[in-house]
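# Commentary on secondary and tertiary structure
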Protein chains: 2
Amino acid sequence: MAEWKNLDTLKAYEALEASGRRVDLREVLAGDAGAKRVREYNVPMACGLSFNYACRQVDEELLGMLADLAEESDLKGKFRDLYNGGVINTGEKRLVLHHLTRGQLGDDVTADGKDKREFYKGEQDKIAEFANKVHSGEISNEAGEKFTTVVQIGIGGSDLGPRAMYIALDNWARAEGCHLMDAHFISNVDPDDAVSVLDAVDAEHSLFILVSKSGTTLETLTNEAFVKDALTDMGLDPSKHMIAVTSETSPLAKSSDYLAAFFMDDYIGGRFSSTSAVGGAVLSLAFGPEVFGSFLSGAAEADRLAACKAPLENAAMLDALIGVYERNILGYETTAVLPYAQALARFPAHLQQADMESNGKSVNRFGEPVAYKTGPVIFGEPGTNGQHSFYQLLHQGKETVPLQFIGFRESQTGRDVDIQGSTSQKKLGANVAAQIVAFACGKEDSDLNRNFDGDRPSSIIVGDRLTPESLGALLAHYENKIMFQGFLWNLNSFDQEGVQLGKLLAKRVLAHETNGALAEFAEMLGI
Amino acid sequence: MAEWKNLDTLKAYEALEASGRRVDLREVLAGDAGAKRVREYNVPMACGLSFNYACRQVDEELLGMLADLAEESDLKGKFRDLYNGGVINTGEKRLVLHHLTRGQLGDDVTADGKDKREFYKGEQDKIAEFANKVHSGEISNEAGEKFTTVVQIGIGGSDLGPRAMYIALDNWARAEGCHLMDAHFISNVDPDDAVSVLDAVDAEHSLFILVSKSGTTLETLTNEAFVKDALTDMGLDPSKHMIAVTSETSPLAKSSDYLAAFFMDDYIGGRFSSTSAVGGAVLSLAFGPEVFGSFLSGAAEADRLAACKAPLENAAMLDALIGVYERNILGYETTAVLPYAQALARFPAHLQQADMESNGKSVNRFGEPVAYKTGPVIFGEPGTNGQHSFYQLLHQGKETVPLQFIGFRESQTGRDVDIQGSTSQKKLGANVAAQIVAFACGKEDSDLNRNFDGDRPSSIIVGDRLTPESLGALLAHYENKIMFQGFLWNLNSFDQEGVQLGKLLAKRVLAHETNGALAEFAEMLGI
């Protein structure tokens, strides 16, 4: 078993700290050497993607030290322990098995008396069968008509990931003729959220998916009640319009309130559940089980690469290592995710959860405070939109914000227009290429208001086209990056105790069991 | 005229730095004194909103020093210079007149030979007349049928603000029976963005608004061409489906390609243009001119309060002052905007532009580098969604992130469900009250993984209900806060030179005039 140690106890980290070596991007990117660097600082990823880190602030010497860090921290061994079924979520004493939803990297993993790969695959097959029946009309509404729309009711990991993936494949599926059902999402306990979705959909032809692992998430149960009331008011039978995705031990599992129930378990954290039944049900219904299968195979291919030992052949590990260097040695506090693809509009919001909820912690996996910085703040919006918004600060603000660009050579639909000698897709690509270099190299100007210091780091993941496969690979890249960073920081990246206190106090407010400041705020909000 | 000085040359700032005084929220919020503090640290805002800063890390002594800072920096005088038509955008030698789009706070302002208040009001009236004709069917499509849908084509300030405001009022307008047209937005140069909007709307009954101040924004002109091609392919005449919002000097102003043109000018920055014709056209078409008028009157009321001298009666000024204290004395790098209202889903994205593009700068208004920190990174998502996502880091991460909560006592639609003894709206309110106190007061636990340090600062703006008036007041609050912070930091908050280099390099890429690293990246992206 791998040994868990704090980052600042590792010799390789001490060496990194002591070296004081710094790379100035303006120097290393100049001239022919710069062009060579761009060609060489490039790691192939799954599904034809590649990870280019020419504009991260590293060089051969620093990369060597980071490789030493990976070795000493035994990142490969820790990942192996994880996928072989080790109790990596130590706080909650749980296995961490989201990789098994899309493939098997190591030993058979048995838990709760079951082979877990078979369990996840079995649920996926059940969903596929169900989705096919919905698409064929064998499963239909009470009037015997086909369901046209699917509405996911869930929050956090049961919302952000599946929603981001649905949006990511929406246009692609239309272009490919496999857009089978529209999907909508209800998440917020704000009643106006449910109202606006219910007003927008044709409820009579809608299938609702209630997603809650525990079956006790207050927001989700409240929204379920909201939807059931609305259906009943329309003279519909809610139990003919609802399915559940939950754990086998939850109160929802055997309820007659649902047409069907599909299962996940405690070994899959919400934020890593897009490839489980949580994403599987909605995506299989919207685009068909084959599309969901392609998405899984892209993720599986990325997972296999993440199991490589050498950081220079393992983009997720390399991205993680450089990120830790930026956070702990260079001191950068935030990271921006900037996809040059409108389809990835909500991908940054998903990564915001995946990353900040996993690694936004101050104690190590043994419950001891750590002295070093951990996960950064993550934010982002699609380019080119962001260029006309917050890029001003990224270019000329007082802080350095490392950037994670994503770009594709082709659009999803192929429909385009040629203006001023180039297509929109070429303009999009030209913009991301331009931005990377603008950030890294800057431009001197005697008018300092027009001066760009440069030396602002970024990397880019480039692919041919955003498809189910490449989306799966992209998702797994970030999931694995987050996992490796958690290993380096010696965190338990798989619990989220930081969300508990708010829940507890909210209950007290609703029970009117408050005093002092809390009572005042409750009154202010009209409770 | 007010005198422009760097923050670190002000005696009041030196005093603030020297004092070393710190407030521990856990102490000041304890017991009855804490309850009293919540009641007292509260400033009335426009339209029944209030700004509560009990959980910001200030006390009477620090507030006194901040009031001295406001006085010495002459924030009131600077704002007066601005609304009286001073050349506050010094870099571009322009007046800054967005306040005039919603009221007149001071002297008549004349520019380009016109009374500017009359000009803005005149455009607003022209838009109202046009919108009324569209709603009555007097202006119709080629088949003589009513337009049902409006599609805004714009990017940056021509997109984020109007889009956020439309989303904010969508449910409200449905509930109030004044939802007259659906609105959609095309912004990204990614062709898939235009494709997905065009696939979603009924183009035959759609009116497109082309928004570009200069008439030269490449993304917007490209998307216009995309839309025109699509309309032509459908046998429609684009000039019967399009209006323009631009400046009078732009190539679009007198073009016969548009049914009508409405004007803004160079004195209104894109990010401050929601109350100009840029927001006016789409919002008046979607909800009617009266609703847009109510939105403006809410903003005007907030502006009047922002002209008060005393920070404790001027929420925007107070918010700005405390923000500078947090940024420059306490060293916090990011700020989260957390509206507990699904309708404000895109409000944080709008503020991200408004704030980061205004104050994400490193040189003062005279073009000299400043030694102190300026604008923070802004991000946010609606609560309760965020609670199930990135709040983990906010509660237990290594950095302190000041939080800006927003909450309402009533939902927009009034449609609700009672579960476990409370409505969804009460649950929403209970959650935001609970979060404020959880962040500020924390909770000790011997299991450090379940320990909450507390002392994490926030403020909250509370209102009865999100309406056009209160939305206008909310928007103006933040615009004015950003303005005051720019004054304190001695920045020109009204230009954005940081976006230019990327544009320049993108043109070179498209013209294949590249070499070195840029040529390599261009090739990688298939250009």
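As the structure is a prediction and not an experimental result, all values here were calculated from the model.

## Thoughts on the overall build of chain A
- When helices and strands are tallied, chain A shows 18 helices and 15 strands.
- Relative to its length of 527 residues, chain A is compact, with a C-alpha radius of gyration of 24 Å against a globular reference of 24 Å.
- Viewed in the frame of its principal axes, chain A has a C-alpha envelope of about 70 × 60 × 55 Å.
- Counting across all 527 residues of chain A, residues that qualify as buried make up 63%.

## Side note on the environment of Ser 294 of chain B
Residues and elements named next belong to chain B.
- One can find Ser 294 in helix 11 (residues 289-306).
- Accessibility expressed as a C-beta count within 10 Å gives 20 for Ser 294, which makes it buried.
- Distance in space between the C-alpha atoms of Ser 294 and Arg 102 is 9.9 Å, their sequence separation being 192 residues.
- In this view, Ser 294 contacts Pro 468 and Glu 469; residues no more than four positions away in its chain are not counted.

## Some thoughts on the sheet that holds strand 7 (residues 206-211) of chain A
All names here are of chain A.
- Ordered in space as 6-5-7-8-9, the five strands form an open sheet in which the pairing is parallel. Since the sheet does not close on itself, it has two edges, and those belong to strand 6 (182-186) and strand 9 (260-264), each with one partner. Put simply, the sheet's adjacent strands are angled 20° from each other on average, direction ignored.
- Bridge count between strand 5 (residues 149-153) and strand 7: five bridges; the pairing is parallel.

## Let's talk about the domain arrangement of chain A
- Once the domains are mapped, chain A shows domain 1 (107-294) and domain 2 (498-527).
- Averaged C-alpha coordinates put domain 1 of chain A and domain 2 of chain A at centres separated by 32 Å.

## Concerning the interface of chain A and chain B
- On the chain B side, the residues contacting the 126 residues of chain A number 126 residues.
- Classifying every residue of the side of chain A that touches chain B gives 53 nonpolar, 45 polar and 28 charged.

## Some words on the relation of the copies chain A and chain B
- Least-squares fitting of chain A to chain B yields an RMSD of 0.0 Å, with the transformation described by 0.0 Å of translation along the axis and a rotation of 180°. Classification of the inter-copy transformation places it as that of a two-fold axis. Minimal C-alpha separation from the rotation axis in chain A is found for Phe 379 of chain A, amounting to 3.2 Å.
- When you check the interface residues of chain A against chain B, 99% turn up at the interface there too, and the contact is symmetric in its surfaces.

## Observations regarding the sheet that holds strand 12 (residues 403-408) of chain B
Residues and elements named next belong to chain B.
- Spatially, the six strands line up as an open sheet ordered 1-2-15-12-10-11, and their pairing is mixed. Each end of this open sheet is capped by a strand with a single partner; those strands are strand 1 (42-44) and strand 11 (377-379). Pairwise comparison of adjacent strand axes, ignoring direction, gives a mean angle of 15° for this sheet.
- For strand 10 (residues 334-340) and strand 11, the ladder comprises three bridges, and the chain directions are parallel.

## A look at the environment of Met 483 of chain A
Residue and element names in this part refer to chain A.
- When you line up the elements, Met 483 lands in helix 16 (residues 468-489).
- Spatially, the C-alpha atoms of Met 483 and Ala 320 are 8.5 Å apart, while their sequence positions differ by 163 residues.
- When near neighbours in sequence (up to four residues on either side) are disregarded, Met 483 contacts Phe 79 and Ser 493.

## Re unusual backbone geometry
- In this chain, Gly 383 of chain A is followed by Thr 384 of chain A through a cis amide linkage whose omega measures 10°.
- Even without glycine at this site, Asp 112 of chain B takes up a positive phi of about 50°.
- With respect to the element layout, Asp 112 of chain B can be found in the loop between strand 3 (110-111) and strand 4 (114-115).
- Among the residues examined, Asp 112 of chain B registers 12 C-beta atoms within 10 Å and is labelled exposed.
- For His 512 of chain B, which is not a glycine, the phi torsion comes out positive at approximately 55°.
- You can see His 512 of chain B is positioned in the loop between helix 17 (500-510) and helix 18 (516-524).
- According to the C-beta neighbour criterion, His 512 of chain B is exposed, with 11 such atoms within 10 Å.

## Observations regarding helix 15 (residues 424-441) of chain A
Residue and element names in this part refer to chain A.
- Counted at 1.5 Å a residue, the expected span for helix 15 with its 18 residues is 26 Å, and the 25 Å between its end C-alpha atoms agrees.
- Where burial is concerned, most of helix 15 is hidden: 18 out of the 18 residues are buried.
- Immediately beyond the C-terminal end of helix 15, within one or two residues, lies Gly 442, with a positive phi of roughly 65°.

## Things to note about the pairing of strand 15 (residues 458-463) of chain B
All names here are of chain B.
- Here strand 15 lies mainly inside the structure; six of its six residues are buried.
- Neither face of strand 15 is exposed, since Ser 458, Ile 460 and Val 462 on one face and Ser 459, Ile 461 and Gly 463 on the opposite face are all buried.
- Examined bridge by bridge, strand 12 and strand 15 share six bridges and lie parallel to one another. Bridge pairing in strand 15 places Ile 406 opposite Ile 461.

## Observations concerning the nonpolar core
- Ranked by size, the top nonpolar core spans 354 residues in total, and within it Ala 433 and Val 437 of chain A together with Ala 433 and Val 437 of chain B carry the most contacts.
- For Ala 433 of chain A, the contacting residues outside a window of four places in its chain are Val 509, Leu 518, Phe 521, Ala 522, Leu 525 and Ile 527 of chain B.

## Points about helix 13 (residues 347-359) of chain B
- With 13 residues, helix 13 of chain B extends 18 Å from end C-alpha to end C-alpha; this agrees with the ideal 18 Å at 1.5 Å per step.
- The buried fraction of helix 13 of chain B is high, at 13 of 13 residues.

## Considerations on the packing of helix 13 of chain B against helix 16 (residues 468-489) of chain B
All names here are of chain B.
- At a minimum axis distance of 10 Å, the contact between helix 13 and helix 16 shows a crossing angle of 15°. In terms of axis orientation, helix 13 runs roughly parallel to helix 16. Handedness of the helix 13/helix 16 crossing: right-handed. Touching Leu 351, Ala 354, Asp 355, Ser 358 and Asn 359 of helix 13 are Tyr 478, Glu 479, Ile 482, Gln 485, Gly 486 and Trp 489, all from helix 16.
- Partitioned by chemical class, the residues of the contact of helix 13 with helix 16 number five nonpolar, four polar and two charged.

## Focus on the pairing of strand 8 (residues 242-247) of chain A
Residue and element names in this part refer to chain A.
- Within strand 8, five of the six residues are buried, which leaves it mostly tucked inside the rest of the structure.
- The sheet contact formed by strand 7 and strand 8 spans four bridges and is parallel. Bridging from a neighbouring strand, Phe 208 pairs with Met 242 of strand 8.
- Tracing the backbone out of strand 7, into helix 9 (residues 218-233) and back to the parallel element strand 8 gives a crossover that is right-handed.
- For strand 8 and strand 9, the ladder comprises five bridges, and the chain directions are parallel. For Thr 246, the partnering residue across the bridge sits in strand 9 and is Phe 263.

## Describing the environment of Asp 418 of chain B
- Inspection of the secondary structure puts Asp 418 of chain B in strand 13 (residues 418-419).
- C-alpha separation for the pair Asp 418 of chain B and Pro 468 of chain B, spaced 50 residues apart in sequence, amounts to 27 Å.

## Observations concerning the packing of helix 15 of chain A against helix 17 of chain B
- With their axes 8 Å apart at the nearest point, helix 15 of chain A and helix 17 of chain B run at an angle of 125° to one another. Between helix 15 of chain A and helix 17 of chain B, the interaxial angle falls into the category oblique. The hand of the helix 15 of chain A/helix 17 of chain B crossing is right-handed. Of helix 17 of chain B, the residues touching helix 15 of chain A (which contributes Lys 426, Lys 427, Ala 430, Asn 431, Ala 433, Ala 434, Gln 435, Val 437 and Ala 438 of chain A) are Leu 501, Gly 502, Leu 505, Ala 506, Val 509 and Leu 510 of chain B.
- Taken together, the residues of the contact of helix 15 of chain A with helix 17 of chain B sort by class into 10 nonpolar, three polar and two charged.

## Observations regarding the confidence of the model for chain A
- Residues at a pLDDT of 70 or more form 100% of chain A, whose mean pLDDT is 97.
- Interface confidence for the predicted complex, given as ipTM, is 0.98, next to a pTM of 0.98.

Conventions we followed
Residues numbered from 1 in each chain as written. Chains lettered and ligands numbered in written order. Predicted model: local features only at pLDDT ≥ 70, side-chain atom pairs only at ≥ 80, totals over all residues. Helix = DSSP H or I, 4+ residues; strand = E, 2+ residues; numbered from the N terminus. Rg over C-alpha atoms; globule rule 2.2 N^0.38 Å. Buried ≥ 20, exposed ≤ 12 C-beta atoms within 10 Å, placed from the backbone. Contact = placed C-beta atoms within 7 Å. Pairing = 2+ DSSP bridges. Axes fitted to C-alpha atoms, helices over the stretch in contact; angles between N-to-C directions. Domains from an automatic or database assignment. Nonpolar A, V, L, I, M, F, W, Y, C, P; charged D, E, K, R; others polar. Least-squares fit on C-alpha atoms with pLDDT ≥ 70 in both. Expected span 1.5 Å × (residues − 1). Core = buried A, V, L, I, M, F, W, Y, C linked by C-beta atoms within 7 Å. Parallel < 35°, antiparallel > 145°, perpendicular 65-115°, else oblique. Left-handed = near helix turned anticlockwise from the far one by under 90°. Right-handed = clockwise from strand over helix to strand, strands pointing away. pLDDT = per-residue confidence, 0-100.

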